[in-house]
Amino acid sequence: MEQLAAGAARLGYPLTPAHLSLFETYRTELMLWNEHTNLTSITDEAQVETRHFLDSLTVLLALDAEEAASPCLRILDVGSGAGFPCVPLKIVLPQARVSLLEATGKKVRFLRHLITTLGLPDIEVLQGRAEDLGRLPPYREAFTLIVSRAVAPLATLAELCLPFCSVGGSFVALKKGDITREIQEACAAIKLLGGDNPHIISIPLSLLGDNRCLVSIRKIAPTPDRYPRRPGVPAKRPL
Ligand code: SAH
């Protein structure tokens, strides 16, 4: 776990032996379940450390120290898959309340097993589609931070994520490569859904490669009631 420890320290979050032991357990469970359940194509131990765990922790760059330590921090991971990025984040931000949203049953089963095995408090797994849950009163505009990695292009993702975000909160997408065009194509959708101009944060970690960045969007107005549209429509006909 040396690469993870060094990378986390560079991000300003040095890991304790207790954190590292949770990450070890996470990797073991991920690899075990991956033998029978398709959770990740990354099976090399060192790559799990950097491309899953450390990459997830880069979200910390979007938070100031006060936000990161706040007991009011309530985070939603849209399309969490095998727990990325929000399970690694929960390990280093133990006071945050975290919800993992995932549509696929077998991934939800893994996530429930994982959080029990890691013994993490204040973290729940929600099974369903963002288009459905984003309309329900307990979840709508209920989170201060929405994060999502590898789920959809930004225009679609904005419709899946911004309805969950409280006004004053933020939506952070983990992206890689040149995203100038993707951002341009999403600008109208972001505005319509109540988001401010996107802010791009580049990741100062060369070991991650592929030009990673965070797209951070502050929510400045409520999302109109008609969004999100029906399941599948945000992907088929982006705003
Ligand atoms: N965030 C994880 C998983 C990415 S794969 C990672 O970076 O490793 C995309 C995941 O999003 C899949 O597990 C898929 O089931 C889920 N997903 C896609 N669309 C969704 C939707 N509309 N609502 C909820 N989950 C969704």
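Before any of the text, the structure's been laid out above.
Quantities reported herein were computed from a predicted structural model and do not represent experimental measurements. (Residues numbered from 1 in each chain as written. Predicted model: local features only at pLDDT ≥ 70, side-chain atom pairs only at ≥ 80, totals over all residues. Heavy atoms only, no water.)

**Student:** Tell me about the sheet that holds strand β2 (residues 97–102), and name the residues and values.
**Tutor:** Within the open sheet, the seven strands sit side by side as β3-β2-β1-β4-β5-β7-β6. Their pairing is mixed. With one partner strand each, in any of the chains shown, β3 (123–127) and β6 (199–202) form the two edges of the open sheet. On average, adjacent strands in this sheet sit at an angle of 20 degrees to one another, irrespective of strand direction. Judged from the seven bridges that link them, strand β5 (residues 165–176) and strand β7 (residues 212–218) form a sheet pairing that is antiparallel. Pairing of S170 across the sheet is with R218, part of β7. (Pairing = 2+ DSSP bridges. Helix = DSSP H or I, 4+ residues; strand = E, 2+ residues; numbered from the N terminus. Axes fitted to C-alpha atoms, helices over the stretch in contact; angles between N-to-C directions.)

**Student:** So, the nonpolar core: which residues are in play, and what are the values?
**Tutor:** Among the nonpolar cores identified, the biggest contains 53 residues, and Y26, L57, I75 and L93 are the most heavily contacted of them. Within the second largest apolar cluster, 31 residues are counted, among which are L126, L154, L160 and A186. (Core = buried A, V, L, I, M, F, W, Y, C linked by side-chain atoms within 4.5 Å. Buried < 20%, exposed > 50% of the residue type's maximum accessible area, 1.4 Å probe, protein only.)

**Student:** Account for the site of the ligand, naming residues and giving values.
**Tutor:** The ligand sits among 15 residues. The nearest are G79, F84, E102, E131 and R149. Taking F84, its main chain carries an N or O atom lying 2.8 Å from a nitrogen atom of the ligand. For the ligand, whose accessible area on its own is 570 Å², the fraction buried by protein is 81%. Residues belonging to the shell around the ligand are distributed by class as follows: five nonpolar, five polar and five charged. (Near = heavy atom within 4 Å. Polar contact = N/O pair within 3.5 Å; in protein donor to acceptor, adjacent residues only side chain to side chain. Areas by Shrake-Rupley, 256 points an atom, 1.4 Å probe, with all protein chains shown as cover. Nonpolar A, V, L, I, M, F, W, Y, C, P; charged D, E, K, R; others polar.)

**Student:** How would you explain the pattern of salt bridges if you had to name every residue and give the values?
**Tutor:** All told, the structure shown has eleven salt bridges when counted by the stated rule. R212 is the salt-bridge partner of D55, the closest N and O atoms lying 2.8 Å from each other. Taken together, the residues D55 in helix α3 (residues 45–57) and R212 in strand β7 connect sequence positions 157 residues apart. Neither D55 nor R212 differs from the other in exposure class; each is buried. Each of the salt bridges in this network shares a partner with another, and the network as a whole consists of E24, R27, E45 and E49. (Salt bridge = Lys/Arg side-chain N within 4 Å of Asp/Glu carboxyl O.)

**Student:** How would you summarise the side chain of K90 if you had to cite specific residues and measurements?
**Tutor:** Considering the arrangement of structural elements, one finds K90 in helix α5 (residues 86–92). No salt bridge is formed by the buried K90, whose closest oppositely charged neighbour, D122, lies at an N-O distance of 4.8 Å. One polar contact links the side chain of K90 to the main-chain carbonyl oxygen of P121, over a distance of 3.0 Å. Not counting the four nearest positions on each side in its chain, K90 is found in contact with A96, V98, L120, P121, D122 and I123. (Lys, Arg positive; Asp, Glu negative; His and termini not counted. Contact = heavy atoms within 4.5 Å.)

**Student:** Please set out the packing of helix α2 (residues 17–34) against helix α6 (residues 105–118) residue by residue, giving values where relevant.
**Tutor:** Helix packing geometry: the angle between the two helix axes and the distance between the axes. Between α2 and α6, the shortest axis-to-axis distance is 10 Å and the interhelical angle comes to 150 degrees. Considered as vectors, α2 and α6 are oriented roughly antiparallel to each other. Of the two elements, α2 crosses α6, and the hand of that crossing is right-handed. Taking contact as the criterion, the partners of L22, T25, Y26, E29, L30 and W33 in α2 are, on α6, K106, R109, F110, H113, L114, T117 and L118. A per-class count over the contact of α2 with α6 returns seven nonpolar, three polar and three charged. (Parallel < 35°, antiparallel > 145°, perpendicular 65-115°, else oblique. Left-handed = near helix turned anticlockwise from the far one by under 90°.)

**Student:** So what about helix α8 (residues 154–161)? Which residues, and what values?
**Tutor:** Counting buried residues along α8, eight of its eight residues qualify, which places the element largely inside the surrounding structure. Taken residue by residue, α8 has L154, A155, T156, L157, A158, E159, L160 and C161 as its buried positions.

**Student:** Can you tell me about unusual backbone geometry, naming the residues and giving the values?
**Tutor:** That bond from F84 to P85 is cis: its omega, 10 degrees, falls within 30 degrees of zero. With respect to the helices and strands, P85 occurs in the loop between β1 (74–78) and α5. The omega torsion across Y227 and P228 is 0 degrees, close enough to zero to call that bond cis. Considering the arrangement of structural elements, one finds P228 in the loop between β7 and α10 (233–236). Notably, E141 is not glycine yet its phi reads approximately 50 degrees, a positive angle.

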